[in-house]
Amino acid sequence: MVNGKSTMSRPERKHKIKDLTDIPGVGPATAQKLREAGFYSLEAIAIASPEEIAGISGISTSAAQRIIATAREALELGFKTADVIYKERLSVGRISTGSRNLDRLLGGGVETKSITEFYGEFGTGKTQICHQLCVNVQLPRDRGGLEGTAIYIDCEGTFRPERIVAMAKATGLEPQQALKNIVYARAYNSDHQMLLTEQAKEIIEEKGNVRLLIVDSVTSHFRAEYPGREVLAVRQQKLNRHLHTLTRIADIYDIAIVITNQVMARPDVFWGDAIVAVGGHVLAHVPGARVYLRKLKGNKRIARLVDSPYLPEGEATFVITDDGIRDE
Ligand code: GTP
Ligand code: MG
């Protein structure tokens, strides 16, 4: 070490850095402070902001920047060639929705490393789909699962464990175990929702097998707390930050993020689709698939893929049954 900088060459250093204390500039005291604040791993450091790290550990922002850069380098988060990206894309996990039609529309199911948004009017099945995914993520891969667990951030108080029990039974999972594999928290306001998202990172680090994170619904608190045009900018800014955190979690930990969203009528649109998702263009700029749900007759629903980065637009129908989400 010379002037606090490593004298090792880059590739050499990359393989030597496995833990916080391996990072040049992170001594035992700093590591201790970071761990106490929930930053246990290189992944957590890599996705933190310099201000966050500086605030927690008392080091300068520029030192924090270097630490973050080293963690990212160790995790190979910088430039890569396209063949490496291609290989990574092939390893993306998919969780079945319970409906083959809907899975096909999504290119095989809800993807890890990305955000999928289900939006639509009340009763269109957004929450039921969230429940079903929490069950299905636990299934073996050949049955549409990832043998993983789920985290559920419930912003509306509509999570029902008895639905999990019913869906688990219907798929042949042991209901009590299925419930244990879902970590649940009720978010009481938008700040709490954002805090829970931060805490979700810790759970993900500790458990290791979390493959799904639900936020149902992502916009309801923001919408209630920041009504009206004069606070729109603040709302969008906060929402943007929240979505940014979610995007990073998806990417770093290989997790499928599923968010739901209500719709509202746009008074300024006179033709075309006058129904838009709440949050507008902030959500539109988050990478991932957006699925618009509408009611058909009875328990039948139609899903339209609106904004996938690589899948063609299309539609699929499914039904909501006592057993969960199914094809007709
Ligand atoms: P909001 O959160 O109000 O915007 O609606 P949502 O889109 O989340 O709707 P949700 O997923 O709650 O879907 C409600 C639909 O699922 C209703 O049509 C219910 O009839 C149906 N549903 C809920 N539970 C059951 C059940 O146990 N059995 C059956 N067959 N249908 C159910
Ligand atoms: Mg709902």
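Our structure's up above, just so we're on the same page.
### Here's the deal with the overall build of the chain
Step number 1: Counting its regular elements, the chain contains 14 helices and 13 strands.
Step number 2: Looking at the chain as a whole, 48% of its 328 residues qualify as buried.
Step number 3: Counting only contacts in the chain whose residues sit at least 6 apart along the sequence, the fraction spanning at least 24 positions is 63%.
Step number 4: Looking at the chain as shown, the accessible area adds up to about 16100 Å², and 53% of this sits on carbon and sulfur atoms.

### Some details on the site of ligand 1
Step number 1: Around ligand 1, 14 residues are found, and the nearest of them are G123, K126, T127, Q128 and D322.
Step number 2: Here K126 contributes a side-chain N or O atom positioned 2.8 Å from an oxygen atom of ligand 1.
Step number 3: For ligand 1, an oxygen atom lies 2.8 Å from a polar atom in the backbone of Q128.
Step number 4: Protein burial of ligand 1: of its 660 Å² of free accessible surface, 64% is covered by the chains.
Step number 5: Broken down by secondary-structure element, the contributors of at least two residues to the shell around ligand 1 are helix 8 (126–136) and strand 12 (314–321).
Step number 6: Among the elements that line the shell around ligand 1, the one with the most residues is helix 8, at three residues.

### A closer look at the layout of surface pockets
Step number 1: Looking at the largest pocket, its volume works out to about 590 Å³.
Step number 2: Lining the largest pocket are 28 residues; nearest its centre among them are E88, R89, V92, K113 and D251.
Step number 3: Those elements that provide at least two residues to the lining of the largest pocket are helix 6 (82–90), strand 2 (110–111), strand 3 (114–120), helix 13 (232–253) and strand 10 (288–295).
Step number 4: For the lining of the largest pocket, the residue count by class is 13 nonpolar, eight polar and seven charged.

### Some remarks on the packing of aromatic side chains
Step number 1: Inspection of the entire model under this criterion finds four aromatic pairs.
Step number 2: When the ring of Y119 is compared with that of Y292, the centres are 5.0 Å apart and the planes differ by 15°; the resulting orientation is stacked. Here Y292 lies in strand 10 and Y119 lies in strand 3, a separation of 173 residues in the sequence. Each member of the pair, Y119 as well as Y292, is classed as buried.
Step number 3: Through a chain of ring-to-ring contacts, the aromatic side chains of Y152, F159 and Y184 assemble into a single cluster.
Step number 4: A cation over an aromatic ring shows up here: R290 above the ring of Y119, its NZ or CZ 5.3 Å from the ring centre.
Step number 5: Sitting over the face of the ring of F122, K295 holds its NZ or CZ atom 4.1 Å from the ring centroid.

### Some details on the nonpolar core
Step number 1: Judged by nonpolar contacts, the single largest core of 45 residues is most densely connected at I45, L213, L246 and I257.
Step number 2: Of all hydrophobic cores here, the second largest spans 37 residues; its members include V110, L133, M167 and I214.

### Some remarks on the environment of R223
Step number 1: In this structure, R223 sits in helix 12 (residues 220–225).
Step number 2: Residue class for R223 comes out partly exposed when judged on its relative accessible area of 31%.
Step number 3: Along the primary structure R223 and Q236 are separated by 13 residues, whereas in three dimensions their C-alpha atoms are 9.8 Å apart.

### Observations regarding helix 13
Step number 1: Between its first and last C-alpha atoms helix 13 spans 31 Å; for 22 residues at 1.5 Å apiece the expected length is 32 Å, and the two agree.
Step number 2: The first or second residue beyond helix 13 is D254, which carries a positive phi of 55°.

### Examining the packing of helix 4 (residues 50–57) against helix 5 (residues 61–74)
Step number 1: Where helix 4 meets helix 5, the closest approach of the two axes is 8 Å, and the angle between their N-to-C directions is 115°. For the pair helix 4 and helix 5, the crossing hand works out as right-handed. Where helix 4 approaches helix 5, its residues P50, E51, I53 and A54 are matched on the opposing element by T61, A64, Q65 and I68.
Step number 2: A class-by-class count of the residues in the contact of helix 4 with helix 5 yields five nonpolar, two polar and one charged.

### Re the pattern of salt bridges
Step number 1: Applying the stated criterion to the full structure yields 10 salt bridges.
Step number 2: D19 serves as the salt-bridge partner of R35, at 3.2 Å between the closest nitrogen and oxygen. One end of the pair, R35, is in helix 2 (residues 28–36); the other, D19, is in the loop between helix 1 (10–16) and helix 2, with 16 residues separating them in the sequence.
Step number 3: Between R290 and E117 there is a salt bridge, and its shortest N-O distance comes to 2.9 Å. In this pair, R290 sits in strand 10 while E117 sits in strand 3, placing the two residues 173 residues apart along the sequence. An identical accessibility class is assigned to R290 and E117; each is buried.
Step number 4: By sharing partners, the salt bridges in this structure join R89, R94 and E111 into a single network.

### Observations regarding the environment of E51
Step number 1: Considering the arrangement of structural elements, one finds E51 in helix 4.
Step number 2: Spatially, the C-alpha atom of E51 lies 6.0 Å from that of T61, the residues being 10 residues apart in sequence.

### Some points on unusual backbone geometry
In most cases, non-glycine residues show a negative phi, while peptide bonds are predominantly trans.
Step number 1: For the bond from D216 to S217, the omega torsion is -10°, close enough to zero to count as cis.
Step number 2: Secondary-structure assignment places S217 in the loop between strand 6 (210–216) and helix 12.
Step number 3: Even without being glycine, E147 reaches a positive phi, approximately 50°.
Step number 4: Its location among the elements puts E147 in the loop between helix 8 and strand 4 (149–154).
Step number 5: A relative accessible area of 53% means that E147 is categorised as exposed.
Step number 6: One non-glycine residue with positive phi stands out, namely D254, at about 55°.
Step number 7: Note on placement: D254 falls in the loop between helix 13 and strand 7 (256–261).

About the cut-offs
- Residues numbered from 1 in each chain as written.
- Chains lettered and ligands numbered in written order.
- Predicted model: local features only at pLDDT ≥ 70, side-chain atom pairs only at ≥ 80, totals over all residues.
- Heavy atoms only, no water.
- Helix = DSSP H or I, 4+ residues; strand = E, 2+ residues; numbered from the N terminus.
- Buried < 20%, exposed > 50% of the residue type's maximum accessible area, 1.4 Å probe, protein only.
- Contact = heavy atoms within 4.5 Å.
- Areas by Shrake-Rupley, 256 points an atom, 1.4 Å probe, with all protein chains shown as cover.
- Near = heavy atom within 4 Å.
- Polar contact = N/O pair within 3.5 Å; in protein donor to acceptor, adjacent residues only side chain to side chain.
- 1 Å grid on protein atoms, 1.4 Å probe; cavity = no way out; pocket = protein on both sides within 12 Å on 5 of 7 lines; lining within 4 Å.
- Points joined across faces, edges and corners; volume = space filled by probe spheres on them.
- Nonpolar A, V, L, I, M, F, W, Y, C, P; charged D, E, K, R; others polar.
- Phe/Tyr/Trp six-rings, centres within 6.5 Å; stacked < 30°, edge-to-face > 60°.
- Lys NZ or Arg CZ within 6 Å of the ring centre and 35° of its normal.
- Core = buried A, V, L, I, M, F, W, Y, C linked by side-chain atoms within 4.5 Å.
- Expected span 1.5 Å × (residues − 1).
- Axes fitted to C-alpha atoms, helices over the stretch in contact; angles between N-to-C directions.
- Left-handed = near helix turned anticlockwise from the far one by under 90°.
- Salt bridge = Lys/Arg side-chain N within 4 Å of Asp/Glu carboxyl O.

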